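# Geometric and topological summary
Listed below are the residues making up each chain.
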Amino acid sequence: MDIKGKEILVTGGAGFIGSNLVVRLAKENHVYVVDDLQTGSIRNLSSVYSDIDFVKDRVINLKDYCFDPDYIFHIGLYSSSPMYKENPYLVGDLVKDMISVLELARKKNSMVVYASTSSIYNGVKPPHREDVIPYVTDFYTEARYSTERISELYSKLYNINVSAMRFFSVYGYNERSKKKFANLVSQFMWDMHEGKQPVIYGDGEQRRDFVFVDDVVDALINAAMYNSGFNVYNVGTGKNYSLNDLVKKLNEHLKTNIKAKYVENPMAKTYVHETLADTKKAEEKIKFKAKIGLDEGIDKLIKYYGY
Ligand SMILES: NC(=O)c1ccc[n+]([C@@H]2O[C@H](COP(=O)([O-])OP(=O)(O)OC[C@H]3O[C@@H](n4cnc5c(N)ncnc54)[C@H](O)[C@@H]3O)[C@@H](O)[C@H]2O)c1
């Protein structure tokens, strides 16, 4: 199923996940992208650039434009935990940005689907269900949890339809621009292809629910089509792998024999040890079930990079 003939605003559309979404939507809709290019790149949009309207600006300035979107996909949120630790004021910025999106949605009667995170489950025993009460762990997750609460409030007060999508560990096409913040599947693959050892924090037994970006795009579109009211949805596969498993798989697929380099974890206090999505709610409410397993995802990437 896809969205057709609509006006769509994508914030963060030049980033990794956002650009994959824009490429999918641009064929049959009118898409505006707002991105300040802090971690994204226009190159991610080269295949659709002439079909979309691109604005280089920050989300906080949405009010300065006359957008009238049917759907707002808000993916332009500072994307990595260390950024917030370095500058805790980003927590406030994220909430202000969310309010800019929700105010636009309120005025224009738009539906909102936005990027939350599975890091919210840090320290919670897996599998992770949407209704757990999160622990207080770091600035990044506090910021995201606040956006969920504000969204629920807007939904209650003004009947806005909002889906908060808790992405698990997303990997896939267009990740180069994220550099050191890219997913470990991609970072390890880049390193191992160059004959370098992938660096693992700790013993490598930490586990991640890795989800391929094409599945994430499906989840975002399904939420836009099927959600009503305010809801939080997990976007994962329901299966997880340790980083040691990942290195083993990459060696098999790349036909290499490279050992990981184990180092002390510099982020021990806020580190997430295991993520594993409970996928029931997304399956039932928005008909989303991830289709691409880790082996298939790795193969797709190897083909994409020509390795
Ligand atoms: N990739 C993952 O595994 C993952 C997991 C959980 C959550 N998320 C969340 O999903 C979202 C997208 O992640 P991504 O991996 O595509 O990251 P990304 O850094 O590639 O994409 C974010 C994009 O938003 C833009 N941006 C950020 N803040 C902005 C602002 N205030 N105004 C305008 N543009 C802004 C950046 O320039 C970038 O293009 C992020 O919010 C991230 O926290 C990602």
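Higher on the page you've got the structure.
As a starting point, this report considers the structure included with it. (Residues numbered from 1 in each chain as written. Predicted model: local features only at pLDDT ≥ 70, side-chain atom pairs only at ≥ 80, totals over all residues. Heavy atoms only, no water.)

### With respect to the overall build of the protein chain
Which entries qualify depends on this criterion: Secondary structure counts use DSSP, requiring at least four H or I residues in a row for a helix and at least two E residues in a row for a strand, with both numbered from the N terminus. Between the two quantities, the radius of gyration covers C-alpha atoms and the globule rule is 2.2 Å times the number of residues to the power 0.38. Using a 1.4 Å probe on the protein chains alone, a residue whose accessible area is under 20% of its type maximum counts as buried, one over 50% counts as exposed, and one in between counts as partly exposed. Accessible surface area values rest on a Shrake-Rupley calculation with a 1.4 Å probe, where residue burial reflects the displayed protein chains alone. Residues scored as charged are limited to Lys and Arg (positive) and Asp and Glu (negative), so that His and the chain ends carry no count. Positions of charges follow a simple convention, taking NZ of Lys, CZ of Arg, CG of Asp or CD of Glu.
A tally of regular secondary structure across the protein chain gives nine helices and 13 strands. Rg of the C-alpha trace for the protein chain: 19 Å, near the compact-globule value of 19 Å for 307 residues, within the 12% margin. Along the longest, intermediate and shortest principal axes, the C-alpha atoms of the protein chain span 55 × 45 × 40 Å. Classification of the 307 residues of the protein chain by burial places 55% in the buried group. In the structure as shown, the protein chain presents an accessible area of about 14300 Å², 49% of it carried by carbon and sulfur atoms. In the protein chain, 41 positive and 40 negative side-chain charges are present, and the distance between their average locations comes to 1 Å.

### Describing the packing of helix α3 (residues 90-108) against helix α4 (residues 139-158)
The condition that has to hold: Comment: axis = line fitted to C-alpha atoms, over the contacting stretch for helices; angle = value between 0 and 180 degrees taken between N-to-C directions. Throughout, the term roughly parallel applies to angles under 35 degrees, roughly antiparallel to angles over 145, roughly perpendicular to angles from 65 to 115, and oblique to all others. When the near helix sits turned anticlockwise from the far one by under a right angle, the crossing is termed left-handed; a clockwise turn instead gives a right-handed crossing. Any two residues whose heavy atoms approach within 4.5 Å at even a single point are treated as in contact. Three classes are used: nonpolar for Ala, Val, Leu, Ile, Met, Phe, Trp, Tyr, Cys and Pro, charged for Asp, Glu, Lys and Arg, and polar for all others, with Gly counted as polar.
Between α3 and α4, the shortest axis-to-axis distance is 9 Å and the interhelical angle comes to 25 degrees. Accordingly, the angle class assigned to the pair α3 and α4 is roughly parallel. The two elements α3 and α4 meet at a crossing, and its hand is right-handed. Along its contact with α3, which presents Val91, Leu94, Val95, Met98, Ile99, Leu102, Glu103 and Arg106, the element α4 presents Phe139, Ala143, Arg144, Ser146, Thr147, Ile150, Ser151, Tyr154 and Tyr158. The residue makeup of the contact of α3 with α4, split by class, is eleven nonpolar, three polar and three charged.

### Focus on a nonpolar patch on the surface
Quick note on the threshold: Patch membership is restricted to residues that have no salt bridge and whose relative accessible area is over 30%. Joining uses 9 Å for like charges and 5 Å for the nonpolar side chains Val, Leu, Ile, Met, Phe, Trp and Tyr. For this analysis, a salt bridge means a side-chain nitrogen from Lys or Arg found within 4 Å of a carboxyl oxygen belonging to Asp or Glu.
A cluster of nonpolar side chains, Leu153, Leu157 and Tyr158, forms an exposed patch at the surface whose accessible area comes to about 290 Å². Mapped onto the secondary structure, tyrosine 158 falls in helix α4.

### Regarding the sheet that holds strand β5 (residues 111-117)
The strands making up a sheet associate through hydrogen bonds between their backbones, and the pairing can be parallel or antiparallel. How we decide: DSSP-based pairing: two strands are paired if at least 2 bridges between them are found.
Strand order in the open sheet formed by seven strands is β3-β2-β1-β4-β5-β6-β11, and the pairing between neighbours is parallel. Strands at the two margins of the open sheet, each flanked by one partner only, are β3 (53-55) and β11 (230-235). On average, each strand axis in the sheet is tilted by 20 degrees relative to the strand beside it, whichever way the strands run. Pairing between strand β1 (residues 7-11) and strand β4 (residues 71-74): four bridges, direction parallel. The residue of β4 that forms the bridge with valine 10 is phenylalanine 73. Against the sheet, α3 contacts β1, β4, β5 and β6 (162-167), and its axis sits at roughly 175 degrees relative to β4.

### Considerations on the nonpolar core
Basically, it comes down to this: Throughout this description, the term nonpolar core refers to a set of buried Ala, Val, Leu, Ile, Met, Phe, Trp, Tyr and Cys residues connected via side-chain atoms within 4.5 Å.
Ranked by size, the top nonpolar core spans 98 residues in total, and within it Phe73, Met165 and Leu220 carry the most contacts. What phenylalanine 73 contacts, discounting residues up to four positions off in sequence, is Ile3, Ile8, Leu9, Val10, Thr11, Leu21, Leu25, Val113, Leu220, Ile221 and Ala224.

### Some details on the packing of helix α5 (residues 184-193) against helix α7 (residues 243-254)
Following both chains from N to C, one finds α5 and α7 inclined at 45 degrees, their axes separated by 10 Å at the closest point. On the basis of their axis angle, the class for α5 and α7 is oblique. Considering only the axes of α5 and α7, their crossing is right-handed. On the side of α5, the interface is formed by Leu184, Val185, Phe188, Met189, Met192 and His193, while α7 contributes Leu243, Leu246, Val247, Leu250, Asn251 and Leu254. Looking at side-chain class alone, the contact of α5 with α7 contains ten nonpolar, two polar and no charged residues.

That's the geometry; what it means functionally is another story.
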